[in-house]
Amino acid sequence: MALSQLLWLEVMDLSSRYDLMAAKKHEEDVMNEISKNPMGSAVSPVQVAPHVFYAGNKWVGVFFIDTGDGLILLDTGVASQYPIIMDGIRSFGFDPKDIKKVLLSHAHYDHCGSMSKILEYTKAKSYVSKLDAVFLDDTKALLTHGNEYSPFNPDYYYEELEDISQGRISIKPVVIGAHTPGTTCFFFTDVDEETGKEYKVAVHGGLGYVFLHTAKDPIAAIDCYRKAQMAVYDCPVDIALSFHTYNLQILEKVAESGWKNLINQDAWKAMLDDRLEKISDIEKEFI
Ligand SMILES: [Zn+2]
């Protein structure tokens, strides 16, 4: 099935009755499709903030940040997206060898699949939540579905750090959990040198309901999900980002009129409201 059809199904899944088996199968189909045909679904890399760029496809990708003193990479995509990420970095005139730090949002294959290749090539330091580190060699928990994967040993845990700084960028990781135990959101300020304007950028670590597939107590898991989103709900955000770009129509907005079209102080809350509303609908299926 082509990725465009799978994306349509994604919308279906979220708006109609939540069917655990169908959702599980759908997640597997998407992962396999991207792994099999990464080039077929790739999009042109785009700028999303003054010093932030996206590479990947419409379903999932990575953000790379030009810190002025090397690059920070947020997430790594599936293993077969490795060349797309490297080429995406080069397409904006950067050298992938300059990646100094790689921050992982959570331990799922579509986010950590290329990590070992990237670390091997760049010798960058890797960061992950301690709560997700235990899953990094568990292909079942990672949802690799048999696709290529090499585990890696993280260098640092968010729980043992304050901000993560490199050059002009200082990132605050906030472990919220829910989607996976250690799902982490990233917050930082980026300055547009042309205008001198500062933008508060937030990257959400993971909003999907995949945790319900294995939850022993779905109602408690849904409650945990609500609390996790509320922990970051009131954070002031000028530019909201998500590794699954469809959550915020990132690619469509940038295609219209560039990264400044993403400046919207309401987008973060609207995205969370939408997900909280949908999970309340799903909750009714379990009561
Ligand atoms: Zn995930």
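Residues numbered from 1 in each chain as written. Predicted model: local features only at pLDDT ≥ 70, side-chain atom pairs only at ≥ 80, totals over all residues. Heavy atoms only, no water.

Colleague: I keep staring at the pattern of salt bridges and nothing clicks. Help me out?
Modeller: Side-chain pairs of opposite charge can arise where the charged atoms are in close proximity. On inspection of all chains with the given rule, the structure shows 13 salt bridges. Residue arginine 168 pairs with glutamate 193 through a salt bridge whose shortest N-O separation is 3.0 Å. Pair noted here: arginine 168 is in the loop between strand E8 (164-166) and strand E9 (169-175) and glutamate 193 is in the loop between strand E10 (184-191) and strand E11 (198-204), with a separation of 25 residues, a long-range link. By relative accessible area, which is 37% here, arginine 168 ends up partly exposed. The exposure class assigned to glutamate 193 is exposed, which follows from its relative accessible area of 57%. Among the ionic pairs, arginine 226 bridges to glutamate 283, the shortest N-O distance being 2.6 Å. Placement of the pair is arginine 226 in helix H9 (residues 218-233) and glutamate 283 in helix H11 (residues 267-286), with a sequence separation of 57 residues. Exposure remark for glutamate 283: the relative accessible area of 14% places this residue in the buried category. Three or more residues are tied together by salt bridges with common partners; here these are Asp66, Arg168 and Glu193. (Salt bridge = Lys/Arg side-chain N within 4 Å of Asp/Glu carboxyl O. Helix = DSSP H or I, 4+ residues; strand = E, 2+ residues; numbered from the N terminus. Buried < 20%, exposed > 50% of the residue type's maximum accessible area, 1.4 Å probe, protein only.)

Colleague: I tried to follow the coordination of the zinc ion on my own but got confused; where do I start?
Modeller: Ideal geometry at a metal centre: 109.5 degrees between donors when four sit tetrahedrally, and 90 or 180 degrees when six sit octahedrally. Around the zinc ion, the protein contributes the donor atoms His106 (NE2), His108 (ND1) and His179 (NE2), at 2.1 Å from the metal centre. Here the donor residues of the zinc ion share one chain and are spaced in sequence as H-x1-H-x70-H. Of this pair, histidine 106 sits in the loop between strand E5 (99-103) and helix H5 (109-112) while histidine 179 sits in the loop between E9 and E10, placing them 73 residues apart in sequence. We note that histidine 106, like histidine 179, is buried. (Donors = N, O, S within 2.8 Å, 3.2 Å for Na, K, Ca; no water.)

Colleague: Honestly, the sheet that holds E5 in this entry has me stumped. Any pointers?
Modeller: Strand pairing in a sheet takes place through backbone hydrogen bonds and is either antiparallel or parallel in direction. The strand order across the open sheet built from seven strands is E1-E2-E3-E4-E5-E6-E7, with neighbouring strands paired in mixed fashion. The sheet is open, and its two edges are formed by strand E1 (42-49) and strand E7 (156-157), each paired on a single side. Here four bridges tie strand E4 (residues 71-74) to E5, and the two strands are oriented parallel to one another. By the bridge assignment for E5, leucine 74 is matched with leucine 103. Strands in contact with helix H4 (residues 82-91) are E1, strand E2 (52-57), strand E3 (61-66), E4 and E5; relative to E2, the strand with the most contacts, it is inclined by about 145 degrees. Its contacts with the sheet put helix H10 (residues 250-257) on E1, E2 and E3, and the angle it makes with E1 is roughly 75 degrees. (Pairing = 2+ DSSP bridges. Contact = heavy atoms within 4.5 Å. Axes fitted to C-alpha atoms, helices over the stretch in contact; angles between N-to-C directions.)

Colleague: What exactly am I supposed to notice about the nonpolar core here?
Modeller: The nonpolar side chains of soluble globular proteins are, as a tendency, buried together. Ranked by size, the top nonpolar core spans 88 residues in total, and within it Val48, Phe63, Leu74, Leu241 and Trp268 carry the most contacts. Looking at this core element by element, the count peaks at seven residues for H11. Apart from the residues lying within four places of it in its own chain, the contact partners of leucine 241 are Val48, Val52, Phe63, Val201, Ala202, Val203, His204, Leu248, Ile250, Leu262 and Trp268. (Core = buried A, V, L, I, M, F, W, Y, C linked by side-chain atoms within 4.5 Å.)

Colleague: What exactly am I supposed to notice about unusual backbone geometry here?
Modeller: A negative phi angle characterises most non-glycine residues, just as the trans form characterises most peptide bonds. Although it is not a glycine, aspartate 75 sits at a positive phi angle of roughly 70 degrees. Within the secondary structure, aspartate 75 is located in the loop between E4 and H4. Even without being a glycine, histidine 145 presents a positive backbone phi close to 50 degrees.

Colleague: Even after reading the chapter, I still don't get the pairing of E2, so can you show me in this structure?
Modeller: When a strand is regular, its side chains alternate between the sheet's two faces. Most of E2 sits out of view: six of its six residues are buried. Bridge analysis of E1 against E2 gives five bridges, and the strand direction is antiparallel. Residue pairing for E2: glutamine 47 is matched across the bridge by phenylalanine 53. As defined by bridge partners, E2 adjoins E3 across five bridges and the pair is classed as antiparallel. Across the sheet, phenylalanine 53 pairs through a bridge with phenylalanine 64, a residue of E3. Adjacent in sequence and paired antiparallel, E2 and E3 are bridged by three residues.

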